Amino acid sequence: RIALAVLSLGGDPTAFGTKPDGTAIDLIADGTYNFGEKELGLQGLNGWIWALIALDASGVDVPEDARYSQQDMIDAIINAQNDDGSFALDSGSGDVDITAMTLTALAPYTGEAAVQAAVDEALALLSDAQLSNGGFASWGTENCESAAQVLVALTSLGIDPLTDSRFIKNGASVPDAV
């Protein structure tokens, strides 16, 4: 997420200062395709999701000898999908926020059949989870962050949250709840 903040401020996340040994700090390489000695998903699905989002936002090409490719990230995300179509931070019951963040990460890859199938299942889950006022709840509590995460996911996928009937409940859409 730091790489995304640097990008949004016009900075270069591939040259974000220097390490004690004088080499450049590359938030994209070190935070995505060449992530340390531990697994990119060390902190759960969030690691894979935000690595893919940061990598795509940066426009950096992944080198042939990288530890992880974009396809590795996509596969790890898709393989984490629950039977009900949701995604969870770790294994277990899914969450609206994580499911929406996952859709945002996968949006550029819906041309792949496996990605589109996973996205369709997750969209159905989110539609079913939507509250009667257009909003969403995470961990049993309605909140604007969950609605905002879904809003970002829908628009990333080219879905109009004001007109798509799957995301209008009792005349209320997601933006009505944000």
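Note that the structure is predicted; figures quoted are calculated from it, not measured.

1. Points about the side chain of Gln149
Okay, step 1: Mapped onto the secondary structure, Gln149 falls in helix 7 (residues 144-156).
Okay, step 2: You can call Gln149 buried: its relative accessible area is 15%.

2. A short note on the packing of aromatic side chains
For any two aromatic rings, the description comes down to two numbers: the centre-to-centre distance and the angle of the planes.
Okay, step 1: Taken as a whole and assessed by the stated rule, the structure comprises one aromatic pair.
Okay, step 2: Relative to Tyr68, the ring of Trp48 has its centre 5.2 Å away and its plane inclined at 85°; by these criteria the two rings are edge-to-face. With Trp48 in helix 3 (residues 45-58) and Tyr68 in the loop between helix 3 and helix 4 (70-79), the pair connects residues that are 20 residues apart, well separated along the chain. For the pair formed by Trp48 and Tyr68, the shared burial category is buried.

3. Here's the deal with the pattern of salt bridges
Oppositely charged side chains are able to pair whenever their charged atoms sit close together.
Okay, step 1: Scanning all chains against the criterion turns up two salt bridges.
Okay, step 2: When the shortest N-O distance is used, the salt bridge between Asp30 and Lys19 registers 3.6 Å. Taken together, the positions of Asp30 in helix 2 (residues 27-31) and Lys19 in the loop between helix 1 (2-8) and helix 2 put the pair eleven residues apart, joining distant regions of the chain.
Okay, step 3: Lys19 sits in the partly exposed class, given a relative accessible area of 33%.

4. Regarding the packing of helix 5 (residues 96-106) against helix 6 (residues 113-129)
Okay, step 1: With their axes 10 Å apart at the nearest point, helix 5 and helix 6 run at an angle of 145° to one another. Like other packed secondary-structure pairs, helix 5 and helix 6 cross with a definite hand, here left-handed. Residue-level contacts link Val96, Thr99, Ala100, Leu103 and Leu106 of helix 5 to Val115, Val119, Ala122, Leu123, Leu125, Leu126 and Ala129 of helix 6.
Okay, step 2: The residue inventory of the contact of helix 5 with helix 6, partitioned by class, reads eleven nonpolar, one polar and no charged.

5. A look at a negative patch on the surface
Okay, step 1: On the surface, Asp83, Asp84, Asp120 and Glu121 cluster together into a negatively charged patch.
Okay, step 2: Residue position: Asp83 is located in the loop between helix 4 and helix 5.
Okay, step 3: For Asp83, a relative accessible area of 82% translates into the label exposed.

6. Side note on the layout of surface pockets
To find leftover empty space, one rolls a probe the size of a water molecule over the atoms.
Okay, step 1: Its volume calculated, the largest pocket comes out at about 420 Å³.
Okay, step 2: Along the walls of the largest pocket sit 17 residues, with Arg1, Gly31, Phe35, Gly47 and Trp50 positioned nearest its centre.
Okay, step 3: With five residues, the top contributor of residues to the lining of the largest pocket is helix 3.
Okay, step 4: Classifying every residue of the lining of the largest pocket by side-chain character gives ten nonpolar, five polar and two charged.

7. Focus on unusual backbone geometry
Okay, step 1: Residue Trp139 is not a glycine yet carries a positive backbone phi of 50°.
Okay, step 2: One can find Trp139 in the loop between strand 1 (137-138) and strand 2 (141-142).
Okay, step 3: On the accessibility criterion, Trp139 (69% relative accessible area) is exposed.
Okay, step 4: Positive phi, normally seen in glycine, also occurs at Asn170, with a value near 55°.
Okay, step 5: Following the sequence through the fold, Asn170 ends up in the loop between strand 3 (168-169) and strand 4 (172-173).

8. Considering helix 3
Okay, step 1: Given a rise of 1.5 Å per residue, 14 residues ought to cover 20 Å, and the 20 Å separating the end C-alpha atoms of helix 3 matches this to within 8%.
Okay, step 2: With respect to burial, helix 3 is a largely interior element, ten of its 14 residues being buried.
Okay, step 3: Inspection of helix 3 places Leu45, Asn46, Gly47, Trp48, Ile49, Ala51, Leu52, Ile53, Ala54 and Leu55 among the buried residues, and these make up the whole buried set.
Okay, step 4: Residues of helix 3 that are buried sit in contact with helix 1, helix 2, helix 4 and helix 5.

Each value, and the rule that gives it
- Residues numbered from 1 in each chain as written.
- Predicted model: local features only at pLDDT ≥ 70, side-chain atom pairs only at ≥ 80, totals over all residues.
- Heavy atoms only, no water.
- Helix = DSSP H or I, 4+ residues; strand = E, 2+ residues; numbered from the N terminus.
- Buried < 20%, exposed > 50% of the residue type's maximum accessible area, 1.4 Å probe, protein only.
- Phe/Tyr/Trp six-rings, centres within 6.5 Å; stacked < 30°, edge-to-face > 60°.
- Salt bridge = Lys/Arg side-chain N within 4 Å of Asp/Glu carboxyl O.
- Axes fitted to C-alpha atoms, helices over the stretch in contact; angles between N-to-C directions.
- Left-handed = near helix turned anticlockwise from the far one by under 90°.
- Contact = heavy atoms within 4.5 Å.
- Nonpolar A, V, L, I, M, F, W, Y, C, P; charged D, E, K, R; others polar.
- Patch = residues over 30% accessible without salt bridge, like charges linked within 9 Å, V, L, I, M, F, W, Y side chains within 5 Å.
- Areas by Shrake-Rupley, 256 points an atom, 1.4 Å probe, with all protein chains shown as cover.
- Lys, Arg positive; Asp, Glu negative; His and termini not counted.
- Charge placed at Lys NZ, Arg CZ, Asp CG, Glu CD.
- 1 Å grid on protein atoms, 1.4 Å probe; cavity = no way out; pocket = protein on both sides within 12 Å on 5 of 7 lines; lining within 4 Å.
- Points joined across faces, edges and corners; volume = space filled by probe spheres on them.
- Expected span 1.5 Å × (residues − 1).

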